[in-house]
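Chain and residue survey
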Amino acid sequence: VSALFRYLPLLLLAAGWELVSRLGLVSTLALPPLSQVVLAWGEMVKSGELVTNGAASLWRAGAGLALATVAGGALGIAMAWWRPVNAALGPLVEIFYPMPKSALIPVTAVWLGFGDGSKVLLIFLGCMLPVTIGAFNGARGSDQALIWSARSMGAGRLTVLWDVVMPSALPEMLNGIRTALALAFILLVSSELIVAREGLGNLIGYLGNNGTYDAMFAVVLTVAFLGFAADRAYQALMRRLLAWRE
Amino acid sequence: MARVAGTTAEPIPGEPGRAQRALRASGSAMAGAAPILLLGLAWEALAMSGSLTPYQLPRLSAVLVRIWTDAVDGDLLLNIGVTLYRALTGFAIAAVAGVILGMAMSRNAAVRWLFDPIVSVGFPMPKITFLPVVMLWLNVHDVAKITMVVLDAIFPVVTATIAGIAGIDRHLIWSARNMGASNRELLWQIMLPAALPQIMTGLQVALPIALIVAVLVEMLMGGYGLGAAMVHAWRFADSRGVFAGIVEIAVVGYVLVKAMAIARRRLLIWHQEALAPSTV
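Keep in mind the model is a prediction, meaning the values are calculated, not measured.

Details of the overall build of chain B
If you tally the helices and strands in chain B, you get 11 helices and 0 strands. Shown N-terminal to C-terminal, the secondary structure of chain B runs as helices and strands in the order α-α-α-α-α-α-α-α-α-α-α. In chain B, which comprises 280 residues, the share counted as buried stands at 41%. Within chain B, contacts between residues at least 6 apart in sequence are counted, and of these 72% link residues at least 24 apart. Counting every atom, chain B has about 15100 Å² of accessible surface; 68% of that belongs to carbon and sulfur.

Structural notes on the overall build of chain A
For chain A, the helix and strand inventory stands at 10 helices and 0 strands. The globule rule puts the C-alpha radius of gyration for 246 residues at 18 Å, and the 22 Å found for chain A is more than 25% above it. Projecting the C-alpha coordinates of chain A onto the three principal axes gives extents of approximately 75 × 50 × 30 Å. Each of the 246 residues in chain A was classed as buried or not, and the buried ones make up 47%. In chain A, 71% of the contacts between residues at least 6 apart in sequence involve partners at least 24 apart. Accessible area for chain A stands at about 12000 Å²; split by element, carbon and sulfur atoms hold 68% of it.

Let's talk about a nonpolar patch on the surface
Nonpolar side chains collect at one region of the surface, where A:Leu4, A:Phe5, A:Leu8, A:Leu11 and A:Leu12 lie side by side and expose about 480 Å² of accessible area between them. Mapped onto the fold, A:Leu12 is located in helix α1 (residues 2-22).

Concerning the interface of chain A and chain B
Across the contact, 49 residues belong to chain A and 43 residues belong to chain B. Buried area between chain A and chain B, summed over both chains or domains, comes out near 4200 Å², and the portion from carbon and sulfur atoms is 83%. Contact with chain B buries area across many residues of chain A, yet A:Pro100, A:Val110 and A:Ile194 alone supply 13% of it, more than any other trio. Counting the contacts that link chain A with chain B gives 2 salt bridges. With a shortest N-O distance of 2.9 Å, B:Lys258 and A:Glu94 are connected by a salt bridge. Among the elements that line the side of chain A that touches chain B, the one with the most residues is helix α10 (residues 213-241) of chain A, at 11 residues. Considering only residue class, the side of chain A that touches chain B consists of 42 nonpolar, 3 polar and 4 charged.

Quick word on the packing of aromatic side chains
With the rule as written, the count across this model stands at 7 aromatic pairs over all chains. Pairing A:Trp111 with B:Phe243 gives two aromatic rings, centres 6.2 Å apart and planes at 50°, and the pair type is tilted. Within this pair, whereas A:Trp111 is found in helix α5 (residues 105-112), its partner B:Phe243 is found in helix α11 (residues 239-267), the two belonging to separate chains. Accessibility expressed as a relative area gives 5% for B:Phe243, which makes it buried. An angle of 50° between the planes, with centres 6.4 Å apart, marks the rings of A:Phe225 and A:Phe228 as tilted. Placement of the pair is A:Phe225 and A:Phe228 together in helix α10, with a separation of 3 residues, close to one helical turn. With a relative accessible area of 15%, A:Phe228 lands in the buried category. An aromatic cluster is defined as three or more aromatic residues linked by ring pairs; in this entry it consists of A:Trp111, B:Trp43 and B:Phe243.

Things to note about the side chain of B:Lys127
Residue and element names in this part refer to chain B. Mapping Lys127 onto the fold places it in the loop between α5 (109-122) and α6 (131-138). Here Lys127 occupies a buried position and makes no salt bridge, while the nearest side chain of opposite charge, Asp152, is found at 4.1 Å. Residues contacting Lys127, with those up to four places away along its chain left out, are Gly122, Met148, Leu151, Asp152 and Phe155.

A word on the packing of helix α7 (residues 142-166) of chain B against helix α9 (residues 183-221) of chain B
Residues and elements named next belong to chain B. Contact pair α7 / α9: the axes reach a minimum separation of 7 Å and the direction vectors enclose 160°. Taken as axis vectors, α7 and α9 run roughly antiparallel relative to one another. Considering the relative orientation of α7 and α9, their crossing is right-handed. Of the residues belonging to the contact of α7 with α9, the class tally is 21 nonpolar, 4 polar and 3 charged.

Side note on the pattern of salt bridges
All names here are of chain A. The full count for this structure, using the stated rule, is 11 salt bridges over all chains. The partner of Arg60 in a salt bridge is Glu192, with the nearest N and O atoms 2.7 Å apart. Of this pair, Arg60 sits in helix α3 (residues 49-81) while Glu192 sits in helix α8 (residues 157-194); the two residues are 132 residues apart in sequence, bridging distant segments of the chain. For the pair Arg60 and Glu192, one class covers both residues: buried. Through salt bridges that share partners, Arg60, Asp116 and Glu192 make up one connected network.

Reading the values: the criteria
- Residues numbered from 1 in each chain as written.
- Chains lettered and ligands numbered in written order.
- Predicted model: local features only at pLDDT ≥ 70, side-chain atom pairs only at ≥ 80, totals over all residues.
- Heavy atoms only, no water.
- Helix = DSSP H or I, 4+ residues; strand = E, 2+ residues; numbered from the N terminus.
- Buried < 20%, exposed > 50% of the residue type's maximum accessible area, 1.4 Å probe, protein only.
- Contact = heavy atoms within 4.5 Å.
- Areas by Shrake-Rupley, 256 points an atom, 1.4 Å probe, with all protein chains shown as cover.
- Rg over C-alpha atoms; globule rule 2.2 N^0.38 Å.
- Patch = residues over 30% accessible without salt bridge, like charges linked within 9 Å, V, L, I, M, F, W, Y side chains within 5 Å.
- Salt bridge = Lys/Arg side-chain N within 4 Å of Asp/Glu carboxyl O.
- Buried area = accessible area lost by both parts, 1.4 Å probe.
- Nonpolar A, V, L, I, M, F, W, Y, C, P; charged D, E, K, R; others polar.
- Phe/Tyr/Trp six-rings, centres within 6.5 Å; stacked < 30°, edge-to-face > 60°.
- Lys, Arg positive; Asp, Glu negative; His and termini not counted.
- Axes fitted to C-alpha atoms, helices over the stretch in contact; angles between N-to-C directions.
- Parallel < 35°, antiparallel > 145°, perpendicular 65-115°, else oblique.
- Left-handed = near helix turned anticlockwise from the far one by under 90°.

As structure tokens, then:
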């Protein structure tokens, strides 16, 4: 009941949507009734349109994000662990971190065309630096006393890196990945809206151009919900991964 | 303000003097510039080697020439101006509205009840998805573009404001109340300054978002602006224009983020964090 009370505003919002559209306060062209959107959603699930495009989109986001996590995490820890790496790459990270990654959409398309490759590359490039910065800050902040005691107990440099530095870099790195996850969705949808042959963003653009707005709203809400659900699932995963800290 | 702080600070024995510090700063700036120069050289060399076509990677020198001609034409200034106008207007609206909403949510249970689920569900959503909807309602002009910027940039400000107010030392509020501060005084003189470090952090998150979204909506909706110019060049297979756009957008982003970090130091010079070594 308390959850219902908590989320009541969202239900009110949905009811308000249905009402203003049904009562003709706004044109159904601008805002199709929610019930109609839900019906359109059901039809697209049945026809498989939503599923195939959704799978294409999620594959791109997942692959790009996985690459970004591995490369970005390794880069951040390397920068914190070896001073020369930091001296060489630190300024580049600092320059490219604030760059709006959406600017890379045309370039990745120039390099790899309109298919999966350009989207994966875009998401990889766009999501890498938040992970790098998180891992770098986390690894740099690892407790010196822990490192010294591990060394004095005879742990080799690589053992220290793996057993002491990596775990202490984890919390901040996971935060960086959360930022990257949000970025991945933004880059995915916008790049698919601009250049793609399939995917949810492309479907939105196609339906919008066609004027089938109830279906378009259905896909928009689907993507919004996927972004929200991915973030919630990731937070749950993060809590489990960090359970040892308590 | 900075000068006042500089003159009142006691010179610490053993600390490098101003000239030495300036020298060291320029030395580290040079050390920082070296990797960037190397990257530029590598770009030029890779483009000249012939392993990539000029379409895939035009020479850096050609791109710089292109930026120069754009600058002489006035196109560059116009596009930067338009993009910054959209990003900063949206950012300013998001900042003011976000702080007000965050304050209202912290102070009033009904407002909190109404907006809490909307903020917690809306924050992680990719708001850019709503672009076709906003286009449908508001067309493709400045109002639609700025609306998209506000929609994306407001969430970090709201959550940071709430977190900042929640983190205020209760004693501060109690003592102010005890000394007879009115509600308005409490808000302006106690709560807002005390929450400012957190709010600034939220703004520092929101500003790059505002720029990202401004560039994105220009790419998607057309018109003027850095993003639109870049997509235009790309449609005509003018890859020099595309790479020139990347360099321009990167420079604008870098300058904005740096300016925000400096603004933070100025605004929070009274706060203890100003004494800590700067990280940006």
